Amino acid sequence: MAAKTYPLLPVEEAAALILQHTAPLGTERVRASEAYGRVLARELRAPIPMPPFDASTVDGYAVLSTDSSPRRQVLAVITAGRPVATPVAAGTAVRIMTGGPLPPGADAVIMQEYTRQEDSTVVLQRAVRAGENVNPRGADIAEGQVVLTPGTPLGPAELGLLASLGVTEVEVYRRPRVAVLSTGDEIVEADQEVPYGAIRDSNRPSLMAAVREAGGEPLSLGIARDDEDVQRRLIRQGLEQADVLLTSGGVSVGTRDLIKPLLEELGTVYIGQVALKPGKPLTFARVGERLAFGLPGNPVSSLVSFEVFVRPALRKLQGHARLHRPTVEVVLEHDVRKTPDRTEYQRAIVTYHPDGTLRARTTGSQASSRLLSMVGANALLHVPPGQGVLPAGTRTRALLVGELLTA
Ligand code: AMP
Ligand code: MG
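Everything in this summary refers to the structure shown in the same document. Given the structure is predicted, the values throughout are model-derived calculations rather than measurements. (Residues numbered from 1 in each chain as written. Chains lettered and ligands numbered in written order. Predicted model: local features only at pLDDT ≥ 70, side-chain atom pairs only at ≥ 80, totals over all residues. Heavy atoms only, no water.)

Next up on the list: the overall build of the chain. Per the secondary structure count, the chain includes six helices and 31 strands. Taken against the 2.2 N^0.38 rule, which gives 22 Å for 407 residues, the C-alpha radius of gyration of the chain at 31 Å runs more than 25% over that of a compact globule. For the chain, the spread of C-alpha atoms along the principal axes amounts to about 95 × 50 × 40 Å. Taken over 407 residues, the chain has a buried fraction of 51%. Across the chain, every contact between residues at least 6 apart in sequence was considered, and the portion connecting residues at least 24 apart equals 69%. (Helix = DSSP H or I, 4+ residues; strand = E, 2+ residues; numbered from the N terminus. Rg over C-alpha atoms; globule rule 2.2 N^0.38 Å. Buried < 20%, exposed > 50% of the residue type's maximum accessible area, 1.4 Å probe, protein only. Contact = heavy atoms within 4.5 Å.)

Here we take up the nonpolar core. The biggest cluster of nonpolar side chains holds 40 residues, and the ones touching the most others in it are Leu246, Phe293, Phe306, Phe309 and Leu314. For this core, the leading source of residues is helix H6 (residues 299-317), giving 10 residues. If we skip the residues at most four places from it in the chain, Leu246 touches Val178, Ala179, Val180, Leu181, Leu207, Val211, Phe293, Leu295, Phe306 and Val310. Counting residues in each nonpolar core, the second largest holds 21 residues, with Tyr6, Leu181, Leu234 and Leu263 among its members. (Core = buried A, V, L, I, M, F, W, Y, C linked by side-chain atoms within 4.5 Å.)

Surveying the vicinity of ligand 1 reveals 16 residues, the closest of which are Glu186, Asp201, Ser202, Gly250 and Gly297. The contact in question runs from an oxygen atom of ligand 1 to an N or O atom on the side chain of Glu186, over 2.6 Å. Here Gly250 contributes a backbone N or O atom positioned 2.8 Å from an oxygen atom of ligand 1. Considered on its own, ligand 1 offers 490 Å² of accessible surface; in the complex 76% of this is hidden by protein. Residue composition of the shell around ligand 1, by class: three nonpolar, 10 polar and three charged. (Near = heavy atom within 4 Å. Polar contact = N/O pair within 3.5 Å; in protein donor to acceptor, adjacent residues only side chain to side chain. Areas by Shrake-Rupley, 256 points an atom, 1.4 Å probe, with all protein chains shown as cover. Nonpolar A, V, L, I, M, F, W, Y, C, P; charged D, E, K, R; others polar.)

Looking now at the environment of Arg45. Turning to its location among the elements, Arg45 is positioned in strand E3 (residues 44-45). A distance of 3.2 Å separates polar atoms of two side chains, one belonging to Arg45 and the other to Glu43. At a separation of 3.0 Å, a polar atom in the side chain of Arg45 contacts the main-chain carbonyl oxygen of Gly144.

Pairing is mixed in the open sheet, where six strands are placed in the order E8-E5-E7-E6-E10-E9. Lying at the two open borders of the sheet, with one neighbouring strand each, are strand E8 (108-111) and strand E9 (115-118). Strand-to-strand twist of the sheet, defined as the mean angle between neighbouring strand axes without regard to direction, takes the value 40°. Bridge analysis of strand E6 (residues 71-78) against strand E10 (residues 121-124) gives three bridges, and the strand direction is antiparallel. The residue bridging Gln73 from the neighbouring strand is Thr121, located in E10. (Pairing = 2+ DSSP bridges. Axes fitted to C-alpha atoms, helices over the stretch in contact; angles between N-to-C directions.)

Encoded structure:
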């Protein structure tokens, strides 16, 4: 089987083309308690105001701010959750704790620290402004206000907000199911004997973890020998079970590279190579509504291609408002050699310095077989094509793929 020849697409063009072929999956209702990490599909308006009542923000005495008498009779005590209907009028006060609902008539709370209680009366040691130490009903959130928009991932703050509003079920996008297949006669399972010339499968665990990080549900299709029928069967199986198929290996121009011709046979191949190092042989196809990515075999190439091309697509499938990681400008800490014909995404460590700059250093040898170049990296440094080096001190762009470090 021989593959067609494909134009070498610039990275941005290929990434945009993939997103054009990607649309959000359907939605489902889930319990809020199970919704961590899911992406909200519908706008959410507050069904109630927050706080739901005028609440005291301190421990003190609820009073009438217009009353000028320094001494007030204490009529009752309100603690959080235990409201009292006793009205406050001139010459009276109600003792109140933080979070307690203001009694009728009162319009302010004087902090306990500015009072002295003598038996059943309290002496105010300073004047009180109207509204002082009161969080009025609806001050945090107005009833009907839009509090969450579609495309928002549900994290700790969002889940707390849902609970505070009494929202226990939410409409979220379905997680993409992603079938992951490794290919190659030399590839063996990590727990198997490794005969001379064989290599353990590192791409499947890497890619399955990357799928999880991107919010997808990975499914393993195992390892396929470099055999047309075996690969065809597993690719079909993956496309039946999942929304997205990821293969690794078998997309170059070797005699046993079968992924491109198989995807041509089963669907439509839109991308056959990109001007990116590492990751040139990236292949992207659609088979009906399903997406198929033929990622390169080299461990670093497959992970970098995942980051640049697959991750944004998985986020688009699950309705994320933000598809891309942040791109920042960094200052090179050392000379970086360029590649003549392709943009290179070098794995780098970006550190924030006290002078306000982000500085980048690469993770050493950038061989595409060297997974250690990816370990600990928090950025992919854009190195434009050309001759010679980018000298230390040059400003260039970097895609932040992990946590920023501080110097
Ligand atoms: P290929 O494109 O299939 O020729 O693979 C390119 C290189 O990546 C070869 O050195 C393969 O042995 C290696 N490789 C392919 N698949 C994997 C895998 N799943 N895990 C680790 N290395 C792999
Ligand atoms: Mg191979």
